[in-house]
Every structure is written in structure tokens, then in C-alpha cells.
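Report on the structure
In case you want the letters, here they are:
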Amino acid sequence: MTFEIMTLFPDLVRTVLDTSIIGRAQKAGYIDINTYQIRDFSTDKHHNTDDTPYGGGFGLLMTCQPIFDCYAAIREKIPENDRTRVIYLSPKGRLFTHEVAKELAAFDHLVLLCGHYEGVDQRVIDGIVDEEISIGDFVLTGGEIPACIVVDGVARLLDGVLAAPECYEEESVASGLLEYPQYTKPAVFRGMEVPEVLRSGDHGKIARWRLEQSVAVTRE
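A short tour of the structure in this document, coming up. (Residues numbered from 1 in each chain as written. Predicted model: local features only at pLDDT ≥ 70, side-chain atom pairs only at ≥ 80, totals over all residues. Heavy atoms only, no water.)

Thoughts on the overall build of the protein chain
Operational definition: Under the DSSP-based scheme used, a helix requires at least four consecutive residues in state H or I and a strand at least two consecutive residues in state E, with every element numbered from the N terminus. C-alpha atoms define the radius of gyration in this analysis, and the globule rule sets the expected value at 2.2 Å times the number of residues to the power 0.38. Burial classification: accessible surface area is computed with a 1.4 Å probe over protein chains only, and a residue below 20% of its type maximum counts as buried, one above 50% as exposed, and the rest as partly exposed. Note on contacts: a residue pair qualifies if any of its non-hydrogen atoms lie within 4.5 Å across the two residues. Values of accessible area rely on a 1.4 Å probe in the Shrake-Rupley scheme; residue burial ignores everything except the protein chains shown. Residues scored as positive are Lys and Arg, those scored as negative are Asp and Glu, and His as well as the terminal groups of each chain are ignored. A single reference atom marks each charge: NZ on Lys, CZ on Arg, CG on Asp, CD on Glu.
Along the protein chain, the regular secondary structure elements total eight helices and nine strands. Against the 2.2 N^0.38 benchmark of 17 Å for 220 residues, the protein chain shows a C-alpha radius of gyration of 22 Å, more extended than a compact globule. Along the first, second and third principal axes, the C-alpha set of the protein chain runs to 70 × 40 × 30 Å. Counting over 220 residues, the protein chain shows a buried share of 40%. Here the contacts in the protein chain between residues at least 6 apart in sequence split such that 73% fall between residues at least 24 apart. About 12,900 Å² of surface is accessible on the protein chain, with carbon and sulfur atoms providing 51% of the total. Across the protein chain, the centroid of the 21 positively charged side chains sits 6 Å from that of the 35 negatively charged ones.

Some details on the sheet that holds strand S6 (residues 109–113)
Cut-off, in case you're wondering: Strand pairing follows a simple DSSP-based rule, namely that at least 2 bridges must link the two strands. Orientation is described by lines fitted to C-alpha atoms, with helices fitted over the stretch in contact, and by angles between N-to-C directions that extend from 0 to 180 degrees.
In space, the five strands of this open sheet follow the order S2-S1-S6-S5-S7, with parallel pairing throughout. Two strands lie at the open edges of the sheet, namely strand S2 (32–37) and strand S7 (131–134), each paired on one side alone. Across the sheet, the mean angle from the axis of one strand to that of its neighbour is 30 degrees, orientation sign disregarded. As defined by bridge partners, strand S1 (residues 2–7) adjoins S2 across six bridges and the pair is classed as parallel. Note that in S2 the partner of Ile5 across the bridge is Thr35. Against the sheet, helix H1 (residues 10–17) contacts S1 and S2, and its axis sits at roughly 160 degrees relative to S2. Along the sheet, helix H6 (residues 144–155) makes contact with S1, S2, strand S5 (84–95), S6 and S7, crossing S1 at roughly 175 degrees.

As for H1
What sets the pattern is the α-helix's 3.6 residues per turn: residues three or four places apart point alike. Keep this limit in mind: Arc definition: directions from the helix axis to the C-beta atoms.
For H1, the full list of buried residues reads Pro10, Val13 and Leu17. Axial view of H1: buried residues confined to an arc of 65 degrees, hence all on one face. In this structure, H1 carries Asp11 and Thr15 as exposed residues pointing more than 90 degrees from its buried face.

Some details on the side chain of Ser134
Put simply, the test is: We call two N or O atoms a polar contact when they sit within 3.5 Å, provided that within protein one can donate a hydrogen and the other can accept it, with sequence-adjacent residues counted only if both atoms are side-chain atoms.
Looking at the element boundaries, Ser134 is found in strand S7. Within the structure, the side chain of Ser134 is placed 2.9 Å from the backbone oxygen of Gly136, a separation counted as a polar contact. Setting aside anything within four residues of it in sequence, one finds Ser134 in contact with Ser90, Pro91, Gly93, Arg94, Leu95 and Phe96.

Focus: the side chain of Ser42
Residue position: Ser42 is located in the loop between S2 and strand S3 (50–51). By relative accessible area, Ser42 is classed as buried at 8%. From its side chain, Ser42 meets the backbone oxygen of Asn48 in a polar contact 2.7 Å long. Setting aside residues no more than four positions away along its own chain, Ser42 makes contact with His47, Asn48, Thr49, Gln65 and Pro66.

Observations regarding the pattern of salt bridges
Let me state the cut-off plainly: In the sections that follow, a salt bridge refers to a side-chain nitrogen of Lys or Arg positioned within 4 Å of a carboxyl oxygen of Asp or Glu.
Inspection of every chain in the model, using the stated rule, returns eight salt bridges. A salt bridge links Asp18 to Arg14; the nearest nitrogen and oxygen atoms lie 2.8 Å apart. Asp18 sits in the partly exposed class, given a relative accessible area of 35%. We classify Arg14 as partly exposed; its relative accessible area is 21%.

Focus on H6
This is how it is decided: Here the expected length of a helix is defined as 1.5 Å per residue gap, with one fewer gap than residues.
With twelve residues, H6 should reach 16 Å at 1.5 Å per residue; the first-to-last C-alpha distance of 16 Å fits that figure. Along H6, nine of the twelve residues are buried, which leaves the element largely enclosed by surrounding structure. Turning to H6, its buried residues number three or more, namely Glu144, Pro146, Ala147, Cys148, Val150, Val151, Gly153, Val154 and Ala155.

Notes on unusual backbone geometry
Along the chain, Lys185 connects to Pro186 via a cis peptide bond; the corresponding omega equals 5 degrees. Topologically, Pro186 is positioned in the loop between helix H7 (166–169) and strand S8 (188–189). At Ser20, a position not held by glycine, the phi torsion is positive, near 55 degrees. By the secondary structure assignment, Ser20 is in helix H2 (residues 20–27). We note that His47 has phi near 60 degrees; this positive angle belongs to a residue other than glycine.

Pasting the structure below:
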């Protein structure tokens, strides 16, 4: 899969996504992440990408022209038959969940538009965006962090990105239950002990204990 990210702050996006598991997945060729500086596509002599909103109001809106031209440049690179989804990161959008991530993992290209200031001209949303996605009921200064979250959540579901499908198929949320408590060495730390069942070597008992704990945590 290829992620195409339109942003005013490509360095911010690359700092997050070029590290750890997602960074290694890029180097191994399992995914591609391309960033596009929207300002580079502005025909304004000062490379402005924003202006005051019609009707008045506080703040600035990102203008149509640089975004439309940036998107056109991306579309030229995408094969005609590839499945592509264009997403605008917005608090007005559909809530990003594990199920949404699974839906998006079926596409060949995800084009992510990061807004800034007071958002983007509505004609951008009407003209090129397939859907708006939100990471929660709050407002951030820009769409870059939400875009990184979407990329991370989708990419880890793709073949090769994680060590094995079990890494995401049996984990919290994906299974429908929240995760049970987990422990590692030492067995006793500052008087706090790892539950005896986890040290018993009885895999049947361990599986039952974990399920009971997951149900209890989820119920709570």
C-alpha cells in the first residue's frame, strides 16, 4: 500500500512515520509513504495557501488552488485501476476505529489531506475528498498527527509490517475484548508478585485466566 500525505508540515509527518516499526516497514518495501508540501503547488507569488473566509469570522482557511493542484500531481502517479481513497482529517468525520482501519487496509492508495488554520475551503471537500475521518471529539492545530495515527493503524494490518497476523488478530480491541494484564521478569518487584497461574506452565489455566481477566476489564 502507498500512503500519499498532503500537508504544510511534511517534516513533522516524516519524523513520526520514518521511525520504529513503520519506518522499518518502509525500508523493507512493505509500504510506501510519500509526503507533499502543499505550499509548493501555490501559484501565489508568496506561495500563500490561506485566506480570510467569506462572511467574516476568526482565522484563515486553506485555499482551493494549491490543494487541487497537489492532488492532481498525486493522481498522475496512481495507476488507473488502483483502488484509492481520499481522506480529509477532520473532527467532523467518521470516528477512526479498528474496523475502519481494516476497511482502509483494502485500498491500494490512501491519500490523506491534513488541514490547518480553520480548515479547508468546502469546495476541496466537495471536489476531491471521499470521506472525512476523525480521531476523536477534540480539535488539534492541524491534521498531521491524526494522519500519522491513521497510517500507523492501517499499516500494521498489512502483510509483513508486523511479525505475524496474530500480532493484531488476537490483541485488545481486535478481538472484541480489552487486553488482560501482562507481566514480565522479575517475578517479584517491590513486593508485587506476578500471578501464580502465569508461572504455572499450565497453558490451559493461563488461557482461562486471561479470558476471565479480559472479560472483567471490558465489563468494567
